[in-house]
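Architecture and fold: a report
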Amino acid sequence: MRHIISILVENEAGALSRISNMFSARGYNIESLTVAPTEDASMSRMTVVTKGSDEVIEQITKQLNKLVDVVKVVDLSEAEHLERELMLIKVRAGAKEREDVKRMADIFRGRVIDVSDNTYTIELTGDGAKLDAFIQALDQSAILETVRTGASGIGRGNRILRA
Amino acid sequence: MDRVKTEELTGAEIVIRCLQAEGVDTVFGYPGGAVLWIYDELFKQDKVRHVLVRHEQGAAHAADGYSRSSHKVGVCLVTSGPGLTNAVTGIATAYMDSIPMVILSGQVPTHAIGEDAFQECDAVGITRPCVKHNFLVRDVKDLATTIKKAFHIAATGRPGPVLVDIPKDITTHRCEFHYPESVTMRSYNPVKKGHAGQIKKAVQLLLEAKRPMIYSGGGVVLSNAAPQLDDLVKRSGFPITNTLMGLGGYSGTDPQFLGMLGMHGTYEANMAMQHCDVLLAIGARFDDRVIGNPEHFAQNPRKIIHIDIDPSSISKRVKVDVPIVGNIPDVLDDFLKLLKDGKTQDIGAWWKQIGEWRGKDCLKYDRASKLIKPQFVLEKLYEVTGGDAFITSDVGQHQMWAAQFYKFEQPRRWINSGGLGTMGFGLPAAMGVQMANPGATVACVTGESSIQMCLQELSTCKQYRLPIKIINLNNKYMGMVRQWQQFFHGNRYSESYMDALPDFVKLAEGYGHSGLLIDKPADVEPALRETFKREKDLVFLDFLTDQTENVYPMIPGGKGITEMILSEDL
């Protein structure tokens, strides 16, 4: 099963490697990993998307909690949560294709954020499936470059992850 | 209130003052460029004794042995680059067995980090997977707090080694010195007390058990829980087994003790593990060398209670019914309070069954042999030392025979590398044990292959007059490798024969010690008696033993815990 795990970690050199190291050393899968500081500059928030049986996910959360730099761990997928990912995608958009690409971006609520003579760069946010669907909807040969941030997640309603 | 003016000290002075404040009396190390200023400060004082090893691996193992035998944090000090990389095997050894250690390593000056400077290596990167935590100190103002944190993390929760990497320029920078009495870390708060509801549930299971079994590991030794465990076992009347790391956690001579379990455990211990109806696991981790194949283990239904300080040890290889996270002595105290009011079942039939398994006499060997049997040497070692020695071991057949035949009655007497299985551990570990326990009898049980991996430390033993007794079981083979090759590789002894062995007696003499070659069974006991009378000398006893002897029982890799090969089967 796919799980989305949120981690609050001390904003210290090496914290990211400790976490990614643990995943690789113990053979756990990482689908995506994002990290950035929070409103409290001494802490970073990390979101890891991983796959595994319930036993594996239990071990992953335990092993994460065991790391000295890790302040808190929560498996967001255990309850209602929101999940967003940002994608920047550069597509070929010559005179012929411009209209179509723009319309498709609009349907997916994407925004064109850069334009050149023959390209559009589109910004698109959503869950992973939506981004996948957008990629599928485009003419595959028109896709020049894709960058995705990996998922970020947060609990719904009053569910709060704090130190 | 008057503010006490604190003095400004250099980083090197701060390191030494921190060690003094921690009550560290012994540091094992080896100097080099990056730690010259620290060594300079060591020279100027006499509270912290420095033991100069001959190789940094020896420093780490010695600090490890010091800690295992004393319950203090072991400390070692090495220089940057090769100093640190040489110590890595010792750090990983301590990590696998959860030994509290602080490793201070020198680093190139901060401005040179990342420039491939002379003797530079990424110490925190290299050690990250084999330490509990590590630090690179980038500002002298952080130095004292970092060292305090290192000692705190190493010794609390599930213990482990912590590395502090100190760049050379930091050791010359100055700042006010203040050693914090304690540190709090929001990200690190190990639990102590176990969950009351879970403990109640566990005790209820124990009271209902018809075929109970207690299985305890290194956690009991590390947390000093042997008195509580003893109380629990005696009061309940239940059978108990210890893991390799847990030996001495319960008295090896008590009739309720079924011997060690696992790959080379006793028949009765392994059978009881498989057939019990309630299993109480304490500070142990169901590892592959203990229960073998987890699917086979799961074939028999039983309720499992698991006490451990580390939640990640619970339900890792084996699904547990009642997990209890907590400090073992605290949890067992709670158990004992509840057990007082309850009544256990009559387990006479279970003991009768265990008695039948015991009747196999699974550790028997040929006592009439004209060759020296290694088991015989260990039995005699036990007799001659009255079971009261500190025994360190290396890794292989001799280690298993020592674990089977030396009956440990107290914790912290059996010092071996169980998790990582590090050949070369025995001799330097024995140095640490002897340093922590001056006047105690210390023997290193080893083999001709293992001893050669850290042999250079014989020189350290001479310098510090460490009267360690080396029991070399010399069968001219990497015995355990040879045994596997015999069983599973069609007797093809690929590279396991130790050719061109040195004359160990002359070698010991070359280092200023004495040695003795023993090649007849009749000479074993007299040699041991003579040797242990010499309280001031290191004596190297080279026993030429039966080359074909194997360790029994044996569970082949990947097999179930009851699928044992016994000596009688062959």
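Note that the coordinates shown come from a computational prediction; the quantities given were computed from them, not determined experimentally.

Notes on the packing of helix α9 (residues 226-236) of chain B against helix α13 (residues 328-341) of chain B
Residues and elements named next belong to chain B.
- At a minimum axis separation of 9 Å, α9 and α13 run at an interaxial angle of 25°. It follows that α9 is roughly parallel to α13 by the angle criterion. Crossing hand, α9 versus α13: left-handed. From α9, Gln228, Leu229, Asp231, Leu232, Arg235 and Ser236 reach across to α13, where they touch Pro329, Leu332, Asp333, Phe335, Leu336 and Leu339.
- Residue composition of the contact of α9 with α13, grouped by class: seven nonpolar, two polar and three charged.

Brief notes about the pairing of strand β5 (residues 101-107) of chain B
All names here are of chain B.
- A large share of β5 lies buried, amounting to seven of its seven residues.
- Of the two faces of β5, the one carrying Met101, Ile103, Ser105 and Gln107 and the one carrying Val102, Leu104 and Gly106 are both buried.
- Note on the crossover from strand β4 (residues 74-78) through helix α4 (residues 82-96) to β5: the handedness is right-handed.
- Relative to strand β7 (residues 161-167), β5 runs parallel, the two sharing seven bridges. Directly across from Leu104, in β7, lies its bridge partner Val164.

Regarding the domain arrangement of chain B
Residue and element names in this part refer to chain B.
- What the domain assignment reports for chain B is domain 1 (8-176), domain 2 (196-358) and domain 3 (374-551).
- One C-alpha centre belongs to domain 1, the other to domain 3; they are set 30 Å apart.
- Counting residues at the interface gives 25 residues for domain 1 and 27 residues for domain 3.
- Of all the elements in the fold, those that place two or more residues in the side of domain 1 that touches domain 3 are β2 (26-29), β3 (49-52), α3 (56-70) and α4.
- Considering every element that reaches the side of domain 1 that touches domain 3, the biggest residue donor is α3, with eleven residues.

With respect to the pairing of strand β6 (residues 111-115) of chain A
- Within β6(A), only zero of the five residues are buried, which leaves the element largely exposed.
- Linkage of β6(A) to strand β7 (residues 119-126) of chain A, two consecutive antiparallel strands, is achieved through a turn of three residues.

A look at the domain arrangement of chain A
All names here are of chain A.
- Each assigned domain of chain A is listed here: domain 1 (2-78) and domain 2 (82-152).
- Taken over C-alpha atoms, the centre of domain 1 sits 29 Å from the centre of domain 2.
- Only β2 (32-37) and β3 (43-51) provide two or more residues apiece to the side of domain 1 that touches domain 2.
- Per-element accounting of the side of domain 1 that touches domain 2 gives the leading share, three residues, to β2.
- Partitioned by chemical class, the residues of the side of domain 1 that touches domain 2 number three nonpolar, three polar and no charged.

Remarks on the sheet that holds strand β9 (residues 212-216) of chain B
Residues and elements named next belong to chain B.
- Read across the open sheet, the six strands follow the order β11-β10-β9-β12-β13-β14; overall the sheet is parallel. The open sheet has two edge strands with one neighbour each: β11 (257-260) and β14 (322-325). The mean angle between the axes of side-by-side strands here comes to 15°, regardless of whether they run parallel or antiparallel.
- Of the pairings in the sheet, the one linking strand β10 (residues 240-242) to β11 comprises two bridges and is parallel in character. Looking across to β11, one finds that Asn242 is bridged to Met260.
- Along the sheet face, helix α10 (residues 267-275) touches β9, β10 and β11 and points at about 105° away from the line of β11.

Each value, and the rule that gives it
- Residues numbered from 1 in each chain as written.
- Chains lettered and ligands numbered in written order.
- Predicted model: local features only at pLDDT ≥ 70, side-chain atom pairs only at ≥ 80, totals over all residues.
- Axes fitted to C-alpha atoms, helices over the stretch in contact; angles between N-to-C directions.
- Helix = DSSP H or I, 4+ residues; strand = E, 2+ residues; numbered from the N terminus.
- Parallel < 35°, antiparallel > 145°, perpendicular 65-115°, else oblique.
- Left-handed = near helix turned anticlockwise from the far one by under 90°.
- Contact = placed C-beta atoms within 7 Å.
- Nonpolar A, V, L, I, M, F, W, Y, C, P; charged D, E, K, R; others polar.
- Buried ≥ 20, exposed ≤ 12 C-beta atoms within 10 Å, placed from the backbone.
- Right-handed = clockwise from strand over helix to strand, strands pointing away.
- Pairing = 2+ DSSP bridges.
- Domains from an automatic or database assignment.

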